[in-house]
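Structure at a glance
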Amino acid sequence: MNHLIFLIIAFPLLGGVSLIAMSRRVREPLAGWVATAAVGLSFLTTLGVFITLLGSHSGGPSHAVTQHLFDWINVGALHANMDLTVDPLSITMCLFVTGISTLIHLYSIGYMHGEKDFTKFFIYLNLFVASMLILVLGGNMLLTFTGWEGVGVCSYWLVSYYFQKDSAASAGKKAFIYNRVADVGFLLAMFVIFFNEHTLTYSKMTAHMSSLTLTMAVLALLFAAAGKSAQIPLFNWLPDAMEGPTPVSALIHAATMVTAGVYLLCRMHVVVSASPTGQWVICGIGLATAFVAATIATSQSDIKKGLAFSTVSQIGYMVLAVGTGDYVAAMFLMVAHAFFKALLFLGSGSVIHALDGEQEMGRMGGLRKYLPWTYGTFLFGWLAIIGVPPFAGFWAKGSVLDAVFGKSPWLWAGGLFTALLTAYYMSRLFYLTFTGSARFTEQGPNGEAAVAHPHESPWTMRLPLVILAFCSIFGGLLNLPWVHGFGLEAFLSPVFGSSLVVPADSMTKQFLLAGADALVAVLGLTIAWVLWRGRSERPELTPAFLAKVWYWDNFYDTIIGRPATALANFTAEVVDPLVLDGAVDGTAAAVGGLATRLRKVHNGQIRSYGVGIIFGLLVILVSFLVVVG
Amino acid sequence: MHTFPYLVVLLCIPLFGAGLVGLVGLRAPQAARVLALAATALELVFAVALLVAFKTHVGTFQFESTHTWMAPLGISFSLGVDGISLFLVLLTALIVPIVILGTSVGEKATGYLAWLLLLQGASVASFVSLDLMLFFFAFELTLVPSYFLIVKYGHERRAYAATKFFVMTFLGSAFLLVGILVLAFQHQNQTGVLTFSLAALQHTTLSSGLAVWLSLAFLVAFGVKAPIFPLHTWSPTTYREAPEGGSMVLSAILAKLGTYGILRFNLTLFPHASKTLAPLVLTLAAIGVLYGAITASGQHDMKRLIAYSSLAQVGFIILGTFSFSPQGLTGAVTMMVNHGIITAAFFMLIGWIAQRRGSFDTAVLKGLQGPVPVLAGVFTVTMLASIGLPGLNGFVGEFLVLIGTFTTHRWWAVVATTGVVVAAMYLLWNYQQVFHGKADAETETMHDLTTKERLTIAPLLALIVLLGVYPKFMLDRIEPSVHRELAGITAAAPATAIQTHHVTFTSPVGGAR
């Protein structure tokens, strides 16, 4: 199978390209099916490669197999080729990326029904999957960066899919620019590593650098990750990105692309683990983001924004895990989160679909009766994310918190409190949407249209919900504690080798920690039940400070946005035309009324101007020789 | 077929073509167009043949030919091509037929076509000259057709723009001529031979002070043409007022004469002075990157926006050139070609938009993506290439320049890297203003790209993708020549204040040590 690795990327790429080529002829729903089949084939190829990898241990100690496609950018000591590397880490990513992508493609056939740009949507979606797989399979930083940028562009296209809406167009641009800012981190990290190690290939990195250089490299990588994975200080593009169609939010802005930053840090474990300072900063950023985003999520009224901040917060946990050195815990949460968060987003999409595009939870409620499939599956997503045993989130978040406890009990306390917030805001979101009285049956105060009979979604949308619900229930099996030699930890540990820190706690301690996790989940659920059962508004619990994202956007606008705009206008209208060009025009005028003479030139007197040229040259030549002599 | 005189043929086709087009056009303007297209197509065929015949992994000049020309003056007709000039010749051969196909200036097009051909011939001559005087003639010859292209076929303020362009570039050239003459006389003093041959003048012994002065004289000439900050002020006006075909040729080809001149002549003739001047030039380049990008952010006119964007891009090229690293120099050459392709595509697309909607102004244009999705798609790809998206051609050069500069001049690279962000900002903002949003009634009726237009832009689009995915084909041919160039710089004797004859001199930057 190893020579077929490229097919994992080739299928969705071909799907996208052929849809572009035939976009005039292929219409709904064929385009959707073609795109879904392309990603499905990619998933099957991934499975084949995965099974081959399990069967053989030919790839050396890290079980890596590389397929060299062709030379790319080779200049001097720089060798960055089109090399795809399959190892346990990248194949884990590939499996859940292609798997969930296939489900979301299928879902989109139903969700995007009747859209004008139906085909274009699937082109973008296929190209996104191809880029994401390049990111994951790239054998060197530059190829990863290529995928990294590719997913960024697809995200830009998909967020601004409804480009006629100004808010969607602006949100797409914002997402792209925030990611571009973070790219500076990625580029600088590559420069530092190339300068010190003379390679960008993952398998050749050694982290033989001074500790200061290492810290700089890790901070640059973290900055890159903060952009793509929506962490502090670059997290606030993600809620705006909810302007995109909901399947996009599920696929790109919850399950796959936004976890790329965490993947990058895992991929660079050799460098990350060599810098203790860097690891502490990573922990700090992860926990701060998890906490801040969780507080914001408690006060959102838009169901998708609530889920978006929840995503930011959950990725904060993954980053935190990376900081502790337990990369397996980070990956475990990433996979589990992909299941339940994709489920929650698709569920919310089903709700929005049923309510003709309504996203305000103030206009929902009581949907349990109307949308049994959506309700039933969403229920498991909710229980999984808040960490109720025995669902996937309990095990995944538990393993992160165990690792954090090993690093520092203080960090753990912060993480646990955030878990309480998580249970609270997700339960609030769940109750507001599905329980209580139906608030959409009458016209809303702001003229929102009434929806008499919300309709359950078609099977193309329900099937992915059911499969993801299944994964959210049983996802914990991927990496149960106490079962060594099987599961993610055994599978991934060859990749991370000595970088991997796994907490070795006593049985009692593990049970106590797990008990604490379960306790806060139930506590948060109960608090939300008491506060939000039968209520849809509690202004005192949703302060403007939280609803408006700690005024983060306003802050950036004040310190960067407005000054930068002023500067651009100032240089464009004053500095360049008046100062610099003014100096040129002024000099011209000063040199013997040159300007008046020039007016004669374009009257056509070429001869006189030729004389002028020669005369001028002579003057310069003579004066130069005088100076030289 | 090693003896086939490719370079002479490549010079003759456009020059004779220009004359023929001019003559035929007097009687039959339609035939002139066909003739011009045929000539440029033939030129392209020979340029591709040159590429095929060019030996990869060879750093020296190939297809060298020297003919006596003005022997008493020491000027010879000496041509040759290496990996650095090869792709610039190809670029010149590619862009001009696309300009002829993709732009129109109304009924009286004969002059337009003839000037374009003359410009092509002069540009090719500049790129393959190995004699400084021959280069100078060719370099100056480009001015005449450019001037007339602007002043005859440009927009409202064309006279002002043409004059400004002419005066600034011409003043720059004056410095170049003086520099060349001083260098040749210096060489004559030492050897008794008057020659303008690059290979001979390369070995002139110069005091470090004189070398710096001469280097500066060359830099001013090329810096105006490129343009380098702060010598760029002619470019926004000129690119704006020139006809779209003129803007394409000016930015894609003529600007490269400047960056090429610096790489070829400054670095070869004054290796040590270039090192001395590096901090100054790198600083100007980095300022150019940021200043160009920031000023572009404040533009409302799409053509001026691309002009400032070019200033930033040229900043990267200069940065790579003065990084004196293999990646930086290879990246600089790659970027010259790629910027040519991208900027030509931009100006052509903007011209097509203006043809349909009558404006370059972002305040007037709005919501184009709905009515003209194909144009929007092509524009998007061009924009992403310009932003430097890996997988498209713009990235290769930019990345090589930055990583190369980082290895030798770290902080300049860090500053220039931030320019990458601003580039995304102004291009995306521009795209949002022009293409996103709701289209007004007049925009709704715009028609999308015609088949002819699609075929015209297709080669540029194909190259944007191809050179991004498989740049090896270029890099393998450029790199050996870059190494030869670098070897010369490394070997350059450290500056001891060599006293030659009666020349005493102080360095203008005080850094002669």
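Not measured: the values here are computed from a predicted model. Numbering of residues starts from 1 in each chain and follows the order in which that chain's sequence is written. Chain labels run from A onward and ligand labels from 1 onward, assigned in the order the entries are written. The predicted origin of the model limits local features to residues at a pLDDT of at least 70 and limits the giving and counting of side-chain atom pairs to 80 or more, whereas totals for whole chains, interfaces and linings rest on all residues. Values reported for side chains reflect all heavy atoms of the structure, with hydrogen atoms and water molecules removed beforehand.

1. Things to note about the side chain of N266(B)
- Secondary structure counts use DSSP, requiring at least four H or I residues in a row for a helix and at least two E residues in a row for a strand, with both numbered from the N terminus. With respect to the helices and strands, N266(B) occurs in helix α11 (residues 244-269).
- Not counting residues up to four positions away in its chain, the partners in contact with N266(B) are S215(B), F218(B), L219(B), F222(B), G261(B), P271(B) and S274(B). Contacts between residues were defined by any pair of non-hydrogen atoms, one from each residue, lying within 4.5 Å.

2. Examining the environment of A329(A)
Residue and element names in this part refer to chain A.
- When you line up the elements, A329 lands in helix α13 (residues 327-354).
- Residues A329 and R27 lie 302 residues apart in sequence; the distance between their C-alpha atoms is 43 Å.
- Here A329 is in contact with A321, S399 and V400, once residues within four sequence places are set aside.

3. Remarks on the packing of aromatic side chains
- Two rings from Phe, Tyr or Trp (for Trp, the six-membered ring) form a pair when their centres are within 6.5 Å of each other. A pair whose planes differ by under 30 degrees is stacked, one over 60 is edge-to-face, and the rest are tilted. The tally for this structure, following the rule as stated, stands at 67 aromatic pairs over all chains.
- Judged by centre distance (5.9 Å) and plane angle (35°), the ring pair of F145(A) and F395(B) falls under tilted. On the criterion of chain membership, the pair formed by F145(A) in helix α5 (residues 141-159) and F395(B) in helix α16 (residues 393-408) is interchain, its members lying in two chains. A single burial state applies to F145(A) and to F395(B), both of which are buried.
- With centroids separated by 5.9 Å and ring planes inclined at 35°, the aromatic side chains of F555(A) and Y556(A) adopt a geometry described as tilted.
- Here Y556(A) falls in the buried class, since its relative accessible area comes to 16%.
- Joined through ring pairs, the aromatic side chains of F145(A), W148(A), F186(A), F191(A), F195(A), F395(B), F399(B) and F406(B) make up one cluster.
- Whether a charge sits over a ring comes down to the Lys NZ or Arg CZ being within 6 Å of the ring centre and within 35 degrees of the ring normal. When the ring centre of W373(A) is taken as reference, the NZ or CZ atom of R462(A) above it lies at 5.3 Å.
- When the ring centre of F139(B) is taken as origin, the NZ or CZ atom of K225(B), which lies over that ring, is 4.6 Å away. Residue exposure (1.4 Å probe, protein chains only): buried if accessible area is under 20% of the type maximum, exposed if over 50%, otherwise partly exposed.

4. Some words on the interface of chain B and chain A
- At the junction of the two partners, chain B supplies 83 residues and chain A supplies 65 residues.
- Buried area is a sum: the accessible area each of two parts loses on coming together, probed at 1.4 Å, counted once for each and added. For the pair chain B and chain A, the summed buried surface comes to about 6200 Å²; carbon and sulfur atoms form 74% of the total.
- Note on definitions: salt bridges are taken to be side-chain nitrogens of Lys or Arg within 4 Å of carboxyl oxygens of Asp or Glu. Taken together, chain B and chain A are joined by two salt bridges.
- Polar contacts here mean pairs of N or O atoms no more than 3.5 Å apart (in protein, one a potential hydrogen donor and the other a potential acceptor; neighbouring residues in sequence count only if both atoms are side-chain atoms). Summed over the shared surface of chain B and chain A, the result is 13 residue pairs in polar contact (both at pLDDT 80 or more).

5. Quick word on the nonpolar core
- Throughout this description, the term nonpolar core refers to a set of buried Ala, Val, Leu, Ile, Met, Phe, Trp, Tyr and Cys residues connected via side-chain atoms within 4.5 Å. Ranked by size, the top nonpolar core spans 417 residues in total, and within it M141(A), M268(A), L132(B), F322(B) and F399(B) carry the most contacts.
- The biggest single contributor to this core is α13(A), with 21 residues.
- When residues no more than four places from it in sequence are discounted, the contact partners of F322(B) are L219(B), I262(B), L267(B), S274(B), A278(B), V281(B), L282(B) and H409(B).

6. Let's talk about the side chain of S229(A)
- Take S229(A): it is sitting in the loop between α7 (211-228) and α8 (246-255).
- Those residues in contact with S229(A) that lie beyond four places of it in its chain are V258(A), T259(A), A260(A), G261(A), V262(A) and I315(A).

7. Topic: helix α10 (residues 234-241) of chain B
- Judged by how many residues are buried, α10(B) sits mostly within the fold: eight of eight residues are covered.
- Residues of α10(B) that are buried include every one of W234(B), S235(B), P236(B), T237(B), T238(B), Y239(B), R240(B) and E241(B), and no others.

8. Digging into the pattern of salt bridges
- Applying the stated criterion to the full structure yields 20 salt bridges over all chains.
- Taking the shortest distance from any N to any O, the salt bridge between D240(A) and K174(A) comes out at 3.3 Å. Here the residue D240(A) occupies a position in the loop between α7 and α8, and K174(A) occupies one in helix α6 (residues 166-197), the gap between them amounting to 66 residues.
- For K174(A), a relative accessible area of 16% gives the class buried.
- The shortest N-O distance in the salt bridge between D82(B) and R484(B) comes to 3.3 Å. Of this pair, D82(B) sits in the loop between β2 (75-81) and α3 (83-102) while R484(B) sits in helix α20 (residues 472-491), and the two are 402 residues apart along the sequence.
- Owing to a relative accessible area of 0%, D82(B) belongs among the buried residues under this scheme.
- Owing to a relative accessible area of 28%, R484(B) belongs among the partly exposed residues under this scheme.

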